[in-house]
Amino acid sequence: MNYAPWLLWLIPLMAAPLAPLVSMLRQRAADWFTVAVAAITAAVGIYQAAVFTSPYTETVSTWIAQLNLPLQVDVDGIAVLTGAFVALVAFLIVLYSVGYMRHEGGKARYNFLVLLFIGGMLGLVMAGNLIQFYFFWEIVGICSALLIAFYYTRPEARRGGMKAFLMTRVGDASLLVSILIIYSTIHTTSFASIFASAGTAALGGGTLVVVGILMTVGAMGKSAQVPLHTWLPDAMEAPTPVTALIHAATMVNAGVYLLVRMYPLLHISSAVLDTVLVIGLLTALVGGLCAMAENDFKRIFAYSTISQLGFMFAAVGLGLPYIALYLLIGHGFFKALIFLSAGSVVEAVGTRDISLMGGLAGKMKYTYSVFLVSILAMGGLPPLVGFWSKGAITEQAAAHSSLVFMSVLVISVLTSIYGFRALFKVFHGESRSGLSAREAPAIMLVPMILLCLFVVTAWIPLNYQNILPLYSGSASWLITAAEEGAILATGLLIAYLAFMRYAAETAEIAVRGGVGAARGVALTGMGFDTLYNGLQKRVLRAGGAATAVQSGSFGMNMVLLIAVFALIVLLAGLGVL
Amino acid sequence: MWLTDVMMILFAGAMVSLIVDMGKRFYGGRRQFISGAVAIAATAVSLAIVLAEWFAETASTTEISPASSPFATLFVVDSFTLFIIVTELSIGLVIAYFSTVYLTPRDNSGPFFALLLIMLLSLTGVSSAGDFLSLFLFWEGMSISAYGLVSFRKKPGIALEASIKYFFLAGVGSLLSLYGISVVYSITGSLHLSSISQAVFTTSQSGLFGLLMLFIGFGVEAAIVPLHTWLPDIYSAAPAPVAALIAGDVTGIAVFVIVKIVQPLSVPGGQLIGEYFRAGMLPLIVLSVATMLLGNLSALMQTNLRRMLGFSTIAQTGYMLAAISTFSIPGLIAVVFNIWNHGLLKSSFFLNIGRRDEDYSLTELKNLSLPGNGGRLQSVMYTASSLGMTGSPPFGLFWSEILIVQSLLLMSNITFTVLAIIVVSNIVLSIGYYFRIINSVVSGKSPEAAGPQARMREMAAPLALLALSIATGIIPGLFIGRIALLGSVFP
């Protein structure tokens, strides 16, 4: 028996309840206990990826015999690579949080939830069947909601947590139904059996389309796809390390991982793949536009995450599941770096409003450097980790249709523009409000620098270790590199002209051209928040009506009882029953 | 026979509690502990006997008859029954312990514990009844003990009013069920519960009429809409341990009685019961949708925790009714498992309220945030119970809700697929009010009227129930395995 696939998720899950106990002894010890657990988990993950040779499934016992449900792990390229990546990034974020959270209260709760969160995500990644997957999927959802609401005395944080839980639960409900349809049809949810049945009479035709669409909706909730995306910007109320965890290593990746994991089933139906493609492109566009409108440093990159996740969906829709996974990992590295850098800046200047920042490059040289690298990687600069996946998506989009190709180009340029806009506004020019700042402490800088190294070099093992049948490295990769470079340069030029060189003129044009109204729409998640608020009011109105018909009067209760009796007698008399 | 032993022990415990209470002048201040110790011992020994039977892993159905009689089979014990008895005694044991620290020396603790044990005895009888006569007898015993327990403190007025409302509604419900029993008897000439299938399948119209009368009659205590109105009042007015008992045991048993009635009609999963589909299932489907929707929508509007929990129980009854409407073994397994999971979490809520039940305003949502370390632990428990009630892992309700939805989808029928979607949507809807509880608990506003602070020995009771719920969520196979001895979850 191979222990690594089990230990990978069992270690953090079993250590989670110990963290509050350790913190009772000594607060600081609990922080380092969490770091040690995360480090061991990362070591197990990397070891597992290093020794991986061929896929296998391992079952230890029957979890629920009556449901034909074993406790099993599926060890394949997708799982080991994602597992190693999640564990590694999570470790770096936990290390960063020792410094970032040093003055915060509620650390016992924080350490417990973070370890549970990591364990849940790794359990999901290694799961060998869909019910087990769903169990951990829900654990991840709960932990994220509770961590988003970590500063629970702030109403915004509580609202953010609840919104995340509720909106992702809509997707979860859809996923659950899809799983149970499979279960009811073939009486197992093990991945191997599902893939073996895919396309057969038992799991084909209309059933497969319904299952595929429901599963996609499930993935949309966790991965914040339009229209279930509005929870993610509000999740910015969480402490920055949590934000980084959600955006880079855990929560939002779960939806994309689900699509990649279930691709052998989903790809049989072109209708499902087309749906995934359209949702992905729409989300990428909406996310990019909203990121352009934002002035909140963290929310810009929340929308950026939405946009990049849309890209991953589009990759799956284009028939490139491994490229989607490649982007997931690459995005995880550079987005974690972006959020950790943003956290350092916000902690240093005390505000998240980028319109009040400026000129920080000189004061925070290391932070600036790593932030620049991450923006370049996000823009797809060759050979950084972002390039390889984005290049493949652009190529495949061109082969698919001109509309899809144009959409991908526009979204790519948008990505560069909002990335450089943030860079210029925060780090370049003159300080707009005289905010003082100083470089982050070493405990925060070390993980940032390590992440930066991964952003620069991760493509080497990803491309050359034959874990996944990855980007084939087509003969035209130099042309692709030139294309991606041109897209990045276009975005850089536009951002420079609009937000550096002619910043005042741009602001004036925006005011005169009515851009303010459009910006307002973008800031409310393209109007979806308004839609949901309206829906909420209708539900509450229905609740009011339901309450109104229950007067609590004893007489009325008796009348109801007798009325039901009379109705049944009447129906029986009429022969209806 | 172990079942009669259990009943005798519970009955003897009740009598001893009363006798012990007569000597109160000798030990004054410690009377609730002494009566409580008797109740705890009686419940614990009973539970131990039942658990020994539980772990014996026998799949057989045992019948006990007083004599060879054309009328009756006194008790029938199968895996469903055994599981339900374990449920009620486990929750009952925790409530008995809690009551010893909840009651004060001024309370009439002897009668309280006697009523509690009579209630557990009646619940055991209802669960294991093999004929309508014994079912009705124990049912009435359960109702009478519930009236007494709800109005135990004789104040505030709201408790008396709720008790009277409950008395009348449940009384009318009993009459209707008696009418249903007489209809079934007139058709079959037998009072055996299994005769219901003969009544329904041989004479469709009058048999179904009798069946519906039974549903309505017993449905009053299961809080099926529109017969549910007593439940939020009882939850609001009853002392905390009594509310926990009603929430955890009584409502569950009422649903279980419907399961017992449906059990002889049930078929393996994935099959419809033929021509009786429209006439038999459709009314149940309509009632289940109305019950879950009205329960959830009303819960969204409540400002008081106890009323909110009442409406949430009504919604849970709706989910269980949906599974029952499949008339399938997987549906019934799901319901029995849900009774356990729901009972644990709902009882933990009420035990967590504890002595703050003395003032209705203290359970207003705005007053739920409690100061101090004890308050923090209570907040954690409220949060955990709320998350559990939303069907989140690692709590047991996660699995039972999955089983409910799965039993509906197994029918491979568009009506049941739509019903499954309605159930899932309602579970999502319930997040709205459970998060309101969490929001209120953590909002950080200390209540103006702090009320009595919970002590650690009080909080041990809801903690134990939460731990059981988590254990169920992590090792569900242990529990589902016991229930499903009768039939597979799959067809």
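Predicted, not measured: the structure shown is a model, and the values here were computed from it.

Trainee: Looking at this structure, how should I read the nonpolar core?
Mentor: One recurring pattern in soluble globular proteins: nonpolar side chains tend to sit buried together. In terms of nonpolar packing, the biggest core is built from 404 residues, with Ala336 and Val455 of chain A touching the most fellow members. For Val455 of chain A, the residues in contact, after removing those within four places along its chain, are Phe333, Phe334, Leu337, Val373, Ser374, Ala377, Leu384 and Val385 of chain A.

Trainee: Mind showing me how you'd approach the interface of chain A and chain B here?
Mentor: Much of the literature gives interface size as the accessible area that the parts lose upon coming together. On the chain B side, the residues contacting the 45 residues of chain A number 48 residues. When contributions to the side of chain A that touches chain B are tallied by element, the ones reaching two or more residues are β1 (56-64), α6 (130-148), α7 (155-186), α25 (528-548) and α26 (554-573) of chain A. With 13 residues, α7 of chain A is the largest single contributor of residues to the side of chain A that touches chain B.

Trainee: Help me out: how do you make sense of the pairing of strand β2 (residues 69-75) of chain A in this one?
Mentor: Extensive coverage of β2 of chain A is indicated by the burial of six of its seven residues. The loop that links β1 of chain A with its antiparallel partner β2 of chain A comprises four residues; one of these, Asn68 of chain A, has a positive phi angle of about 55°.

Trainee: Can you help me understand unusual backbone geometry in this one?
Mentor: One can expect most non-glycine residues to show negative phi and most peptide bonds to be in trans. Following Val226 of chain A, the chain continues into Pro227 of chain A via a peptide bond in cis, with omega recorded as 10°. Residue position: Pro227 of chain A is located in the loop between α9 (205-222) and α10 (231-234). With an omega of 5°, the peptide bond running from Pro393 of chain B to Pro394 of chain B counts as cis. Within the secondary structure, Pro394 of chain B sits in the loop between α15 (372-389) and α16 (397-409). The phi dihedral of His187 of chain A falls on the positive side, at around 60°, and the residue is not glycine. Inspection of the secondary structure puts His187 of chain A in the loop between α7 and α8 (191-197). When the 16 C-beta atoms within 10 Å are taken as the criterion, His187 of chain A is described as partly exposed.

Trainee: Teacher, can you tell me more about the confidence of the model for chain B here?
Mentor: As a general rule, the predicted coordinates of low-pLDDT regions are not to be interpreted in detail. Put simply, chain B has an average pLDDT of 85, and 87% of its residues get 70 or more. Predicted as a complex, the structure gets a pTM of 0.90 and an ipTM equal to 0.88.

Trainee: I'm lost on helix α19 (residues 476-483) of chain B in this one. Help?
Mentor: Three or four residues apart is the spacing at which side chains of an α-helix point the same way, because the helix has 3.6 residues per turn. Among the residues of α19 of chain B, those classed as buried are Pro476, Phe479, Ile480, Arg482 and Ile483 of chain B. Buried residues along α19 of chain B cover an arc of 155° about the axis, so they all sit on one side. Packed against the buried residues of α19 of chain B are β1 of chain A together with α3 (31-54), α4 (79-102), α14 (329-353), α16 and α18 (456-474) of chain B.

Trainee: Got a minute to help me understand the pairing of β1 of chain A in this structure?
Mentor: Within a regular beta strand, the side chains point alternately toward one face of the sheet and then the other, so they alternate between its two faces. One ladder, built from seven bridges, connects β1 of chain A with β2 of chain A; its direction is antiparallel. Bridging across to β2 of chain A, Tyr56 of chain A finds its partner in Val75 of chain A.

Trainee: Looking at this structure, I do not really get the packing of α9 of chain A against helix α14 (residues 270-293) of chain A. What am I missing?
Mentor: Relative orientation and spacing of two packed helices are given, respectively, by the angle between their axes and the distance between those axes. Residues and elements named next belong to chain A. In the contact formed by α9 and α14, the axes pass within 9 Å of each other and the chain directions differ by 20°. In terms of orientation, α9 and α14 fall into the roughly parallel class. Once α9 is placed against α14, the crossing between them reads as right-handed. Within the contact between the two elements, α9 uses Val209, Gly212, Ile213, Thr216 and Met220 and α14 uses Ala271, Val272, Thr275, Val276 and Ile279. Broken down by class, the residue content of the contact of α9 with α14 amounts to seven nonpolar, three polar and no charged.

Trainee: Before we go on, may I ask you to explain α14 of chain B in this structure?
Mentor: Residues and elements named next belong to chain B. End to end, α14 covers 36 Å across 25 residues, agreeing with the expected 36 Å (1.5 Å per residue, within 8%). With 25 of 25 residues buried, α14 lies mostly within the body of the structure. Taken from the residues just after α14, Gly354 is the one with a positive phi, measuring 55°.

Trainee: Explain the packing of helix α3 (residues 27-51) of chain A against helix α4 (residues 77-100) of chain A to me, please; I cannot follow it from the model alone.
Mentor: Residues and elements named next belong to chain A. The geometry of α3 relative to α4 is characterised by a closest axis approach of 8 Å and an angle of 160° between their N-to-C directions. Between α3 and α4, the interaxial angle falls into the category roughly antiparallel. Between α3 and α4 lies a crossing whose hand is left-handed. Counted together, Asp31, Thr34, Val35, Ala38, Ala39, Thr41, Ala42, Gly45, Ile46, Gln48 and Ala49 of α3 and Val80, Leu81, Gly83, Ala84, Ala87, Leu88, Ala90, Phe91, Val94, Leu95 and Val98 of α4 form the full contact between these two elements. Grouping the amino acids of the contact of α3 with α4 by side-chain chemistry returns 16 nonpolar, five polar and one charged.

Scoring rules and cut-offs
Every chain's residues receive numbers from 1 upward, in the order its sequence appears when written. Lettering of chains starts at A and numbering of ligands starts at 1, both following the order in which they are written. In keeping with the model being predicted, local features are shown solely for residues with a pLDDT of at least 70 and side-chain atom pairs are shown and tallied solely at 80 or more, while totals for entire chains, interfaces and linings include all residues. The term nonpolar core refers to a set of buried Ala, Val, Leu, Ile, Met, Phe, Trp, Tyr and Cys residues connected through C-beta atoms within 7 Å. Residues are called buried when their C-beta atom has 20 or more other C-beta atoms within 10 Å, exposed when it has 12 or fewer, and partly exposed otherwise; all C-beta atoms are positioned from the backbone. We call two residues in contact if the C-beta atoms placed from their backbones are at most 7 Å apart. Under the DSSP-based scheme used, a helix requires at least four consecutive residues in state H or I and a strand at least two consecutive residues in state E, with every element numbered from the N terminus. Pairing between strands is defined by DSSP: at least two bridges between the two strands are required. pLDDT expresses how confident the predictor is about each individual residue, on a scale running from 0 to 100. In this description, one arc is meant: the one made by directions from the helix axis to the C-beta atoms. Axes here mean lines fitted to C-alpha atoms, for a helix over just the part in contact, with angles spanning 0 to 180 degrees between N-to-C directions. Any angle from 65 to 115 degrees is called roughly perpendicular, while one under 35 is roughly parallel, one over 145 is roughly antiparallel, and all others are oblique. Note on convention: the crossing is left-handed when the near helix lies turned anticlockwise from the far helix by less than a right angle, right-handed when the turn is clockwise. Under the grouping applied here, Gly and all other residues not named as nonpolar or charged are polar, the nonpolar ones being Ala, Val, Leu, Ile, Met, Phe, Trp, Tyr, Cys and Pro and the charged ones Asp, Glu, Lys and Arg. What a helix is expected to span follows from its residue count: subtract one and scale by 1.5 Å.

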